[in-house]
Amino acid sequence: VLTPADRAVVINPRMPSERFEFVTATAPDSYGAPSEVTWAGFAFDGAVLVHLGDGNVHRVPIDSTLPIQDHPVYASGVAERVVGVVGDVLIGVLDGDEGSSDLLAIEPESGSRTLLASSENPIDVGVAPSGHLLVTGFGVVEVVPGAPVTVLDASSGVVYFGVDW
């Protein structure tokens, strides 16, 4: 849950009173500000990964009380819209100026990107715990051979967004 844009909140659904809140060092003054929280998810070891507007993804231990920026940078220069993590690899969507979308696997240490799928239209992505990706969009989605991607066909005119496993 991300609200407002200066924090990531983790709540245990079995014990709602168990709540962990991670706040940025300085509150963002606008959307797109360097300290804006744009995504949060869990690392393979239970730590929280937090993507900020400056392109850095920080790895925050679940019991930390320090500001997000005081934690190590897990990945830097991430301009993509992060949608999940598989193992230690970030999954992101690069939204093009003309509405196109590229689905990418982002290696945190090297910063290298591997194209998994692309579309001339916006896409939405669900990330399964197994690492498989479910993609839907307004048009044809081309999947790179061997990529762990299933496409929900939108040719009937039905489009699904808010995809999750």
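Computed from a predicted structure; not experimentally measured. (Residues numbered from 1 in each chain as written. Predicted model: local features only at pLDDT ≥ 70, side-chain atom pairs only at ≥ 80, totals over all residues. Heavy atoms only, no water.)

Novice: I keep staring at the overall build of the protein chain and nothing clicks. Help me out?
Specialist: Broken down by element type, the protein chain carries zero helices and 14 strands. Taken from N to C terminus, the helices and strands of the protein chain fall in the order β-β-β-β-β-β-β-β-β-β-β-β-β-β. For 165 residues, the compact-globule formula gives about 15 Å, and the C-alpha radius of gyration of the protein chain, at 16 Å, lands near that figure. Counting only C-alpha atoms and orienting by the principal axes, one finds that the protein chain spans roughly 45 × 35 × 30 Å. By residue count, 40% of the 165 residues in the protein chain fall in the buried class. Of all intrachain contacts in the protein chain linking residues separated by at least 6 positions in sequence, the fraction that spans at least 24 positions is 31%. Of the accessible surface of the protein chain, which amounts to about 8900 Å², a share of 55% is contributed by carbon and sulfur atoms. Separation between the mean location of the 6 positive side-chain charges and that of the 22 negative ones in the protein chain comes to 10 Å. (Helix = DSSP H or I, 4+ residues; strand = E, 2+ residues; numbered from the N terminus. Rg over C-alpha atoms; globule rule 2.2 N^0.38 Å. Buried < 20%, exposed > 50% of the residue type's maximum accessible area, 1.4 Å probe, protein only. Contact = heavy atoms within 4.5 Å. Areas by Shrake-Rupley, 256 points an atom, 1.4 Å probe, with all protein chains shown as cover. Lys, Arg positive; Asp, Glu negative; His and termini not counted. Charge placed at Lys NZ, Arg CZ, Asp CG, Glu CD.)

Novice: What should I look at first to understand the sheet that holds strand 3 (residues 37-42) in this one?
Specialist: Remark on secondary structure: sheet strands pair via backbone hydrogen bonds, oriented parallel or antiparallel. Within the open sheet, the four strands sit side by side as 3-4-5-6. Their pairing is antiparallel. Since the sheet does not close on itself, it has two edges, and those belong to strand 3 and strand 6 (73-75), each with one partner. Across this sheet, the average inter-strand angle for adjacent strands is 30°, counted without regard to direction. Examined bridge by bridge, strand 5 (residues 57-60) and strand 6 share two bridges and lie antiparallel to one another. The residue of strand 6 that forms the bridge with V57 is A75. (Pairing = 2+ DSSP bridges. Axes fitted to C-alpha atoms, helices over the stretch in contact; angles between N-to-C directions.)

Novice: What is the right way to read the nonpolar core from this model?
Specialist: If you look at soluble globular proteins, the nonpolar side chains tend to sit buried side by side. Within the largest apolar cluster, 15 residues are counted, with the highest numbers of intra-cluster contacts made by L103, L116, I123, V125, L133, V135 and V149. Excluding its chain neighbours within four sequence positions, the residues that come into contact with L116 are I91, L103, L104, A105, L133, E142, V143, V144, A147 and V149. Of all hydrophobic cores here, the second largest spans 13 residues; its members include A43, A47, A75 and V78. (Core = buried A, V, L, I, M, F, W, Y, C linked by side-chain atoms within 4.5 Å.)

Novice: Mind showing me how you'd approach the environment of P145 here?
Specialist: Checked against the element boundaries, P145 lands in the loop between strand 13 (141-143) and strand 14 (149-151). Residue classification places P145 among the exposed residues on the basis of a relative accessible area of 78%. Put simply, P145 and L116 are 29 residues apart on the chain and 8.3 Å apart in space, counted from C-alpha to C-alpha.

Novice: Whenever I open this one, the pattern of salt bridges confuses me. Can you help?
Specialist: Pairing of side chains with opposite charge becomes possible as their charged atoms draw close. Summed over the entire model, instances satisfying the criterion amount to six salt bridges. Between R7 and E21 there is a salt bridge whose closest N-O contact spans 2.2 Å. Taken together, the residues span a long stretch of sequence, with R7 in strand 1 (residues 7-12) and E21 in strand 2 (residues 15-23) at a distance of 14 residues. Residue class for E21 comes out partly exposed when judged on its relative accessible area of 32%. (Salt bridge = Lys/Arg side-chain N within 4 Å of Asp/Glu carboxyl O.)

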